[in-house]
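Spelled out from the first residue to the last, the chains are:
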Amino acid sequence: MKNLRQPESGISWFYQRFLNNHITILLLNIFLLLLVLNELMQNAWILTPVWKFIGITMPAIVVAGILFYVLDPFVHFMERRFHFQPVLAIAVAMLLTVGIIVLIFLNLIPFLTKQTSGIIGALPQFANDMLHNINRLNQEHHWLSNSNLADINDRVSTYFSKRGLNLLTGTLSSLGNVVTTVSDRIITIITAPLVLFFMLKDGSRFPHYISQVVPTAYRARFITMLDQMNVKVSSYVRGQLTVALCVLIIFTTGYSIIGLRYALLIGLLAGPLNLIPYFGSAIALIPALIIGVVTSPSMLIGVVIVYLIEWVLETQVLSPLIMGNSLAMHPITIVFVLLAGGKMFGLIGVIFGVPGFAVLKVLATTVFQWYQEYSALYPDVLPPDELEP
């Protein structure tokens, strides 16, 4: 009979089979992590200063980060093409950015305010035009009785009259809130350019600075992970902004060609909304459809044709050409991320959910690869130092 392997002297079977087991250690680590998280949730006041600090600094970091990904290629271009010193190239890029923002505010904001007030004031006229079209169609096809038609007329007229007044009041109130918000966010306005300057100046060295707190054996892998995150986020931000600008131009041009009222306003709305993957352009279509319905059937058809042209150009030309498959994410995954991000964080979650998920995916993939190499549970995956040359 084959002799059973005896435990080494001084080491019990319980230690060999249970305590000195990779799966047991993993489960214990997960349990301890969940225990720590539970204690933090039960004593949330401990993290209150941390959340306040994040709430103050995060807006400036986000704004500076977006501008960093936009301006960084331009800064490097000036350094290579015109042999500018880094500080001079950064100063030129930031001054041009400030100039563009000032020009937009001085020229575009008054026009948008006038257009918005005009479209709000025109809501009762839109209601009358829509009712006129309904009455005309009903006279031709006799879909509704006279009593039902009269009831619809009263309801629509009352709704749009009240809604127009409420929207106008709400818009004026919102403008006041914007002034208050700008006053409250003065720290962000002052801090963001400073953060942006140092991002542009020392951004390439950030991974090496951060890696100093990581054990030496894991620094190379950690820097690689940060580089992968940077590539994912930069390609997404630049691609989305470029596609959004193209969508803005396409909608504005198309609606102007067919003679749609408030074409520029709707186009300027469609551009930022396109930052929401899959749903942005469809949401921007709603006001155009409403204006098309109250204008004429031919205008409604024109709006639909413009949207279909934009959809084909965006999905078949712009997105594959500009963005490609930079995030390596399935469309269903993106939809679920949008739903979850919108539910948990609102509009901010919808806009930043996809790049945030891409960063977490890189982090999870790196951690899992490290676990595969050093857990001994995946014998076909060896640590880098054990691979044969």
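Quantities reported herein were computed from a predicted structural model and do not represent experimental measurements. Each chain has its residues counted from 1, following the order in which its sequence is written. Reporting in this predicted model follows two pLDDT cut-offs: at least 70 for local features of residues, and 80 or more for side-chain atom pairs to be given and counted; totals over whole chains, interfaces and linings ignore these cut-offs and use all residues. Values reported for side chains reflect all heavy atoms of the structure, with hydrogen atoms and water molecules removed beforehand.

### Details of the overall build of the protein chain
Keep this limit in mind: By definition, any uninterrupted DSSP run of H or I lasting at least four residues is a helix, any uninterrupted run of E lasting at least two residues is a strand, and each is numbered from the N terminus. Burial classes follow relative accessibility: with a 1.4 Å probe on protein chains only, a residue under 20% of its type's maximum area counts as buried, one over 50% as exposed, and anything between as partly exposed. The contact definition used throughout considers only heavy atoms, calling two residues in contact when any of these lie within 4.5 Å.
Of the regular secondary structure elements, the protein chain holds 14 helices and 0 strands. Going residue by residue from the N terminus, the α and β elements of the protein chain occur as α-α-α-α-α-α-α-α-α-α-α-α-α-α. Looking at the 389 residues of the protein chain, the share that counts as buried comes to 28%. Across the protein chain, the fraction of contacts at a sequence separation of at least 24, relative to all contacts at a separation of at least 6, is 67%.

### So, the confidence of the model for the protein chain
Heads up, the condition is: The quantity called pLDDT is the predictor's confidence in a given residue, expressed from 0 to 100.
Averaged over every residue, the pLDDT of the protein chain is 79; residues scoring 70 or more account for 74%. Per-element confidence in the protein chain ranges from a low mean pLDDT of 54 for helix α6 (residues 146–184) to a high of 92 for helix α9 (residues 219–257). In this model residues 1–7 is a low-confidence stretch, pLDDT under 50, and it forms 1 contact with partners more than four residues away in sequence or in other chains.

### Details of the side chain of S281
In plain terms, the rule: Under this definition, polar contacts are N or O atom pairs within 3.5 Å; protein pairs additionally need one hydrogen-donor-capable and one acceptor-capable atom, and for neighbouring residues in sequence, both atoms have to be side-chain atoms.
The topology assignment puts S281 in helix α11 (residues 280–295). With relative accessibility at 6%, the residue S281 sits in the buried group. Separated by 2.8 Å, the side chains of S281 and N274 make a polar contact. A polar contact of 3.4 Å, which involves the side chain of S281, links it to the side chain of E314.

### Looking at the nonpolar core
Our working definition: Among the buried residues, those of types Ala, Val, Leu, Ile, Met, Phe, Trp, Tyr and Cys that are joined through side-chain atoms within 4.5 Å form a nonpolar core.
F251, Y255, L260, M329 and V354 are the most contacted members of the largest nonpolar core, which has 36 residues in total. Elements represented by at least two residues in this core include exactly α4 (86–121), α9, α10 (263–273), α11, α12 (297–322), α13 (331–345) and α14 (347–374). Sequence-distant contacts of F251, that is, excluding residues within four places in its chain, are made with G267, A270, S281, V306, Y307 and E310. A64, M94, M199 and V233 belong to the second-largest nonpolar core, a separate cluster that totals 15 residues.

### A look at the pattern of salt bridges
Where charged atoms from two side chains of opposite charge approach closely, those side chains can pair. Put simply, the rule reads: Within this document, salt bridges are pairs made up of a side-chain nitrogen of Lys or Arg and a carboxyl oxygen of Asp or Glu, the two lying within 4 Å of each other.
Inspection of the entire model under this criterion finds 3 salt bridges. R238 serves as the salt-bridge partner of D72, at 4.0 Å between the closest nitrogen and oxygen. With a gap of 166 residues between them, D72 in helix α3 (residues 48–81) and R238 in helix α9 connect regions that are remote in the sequence. According to the relative accessible area criterion, R238 is partly exposed, its value standing at 30%. For R205, the salt bridge goes to D202, with nearest N and O atoms at 2.4 Å. Given the relative accessible area of 37%, R205 is considered partly exposed. Exposure remark for D202: the relative accessible area of 13% places this residue in the buried category.

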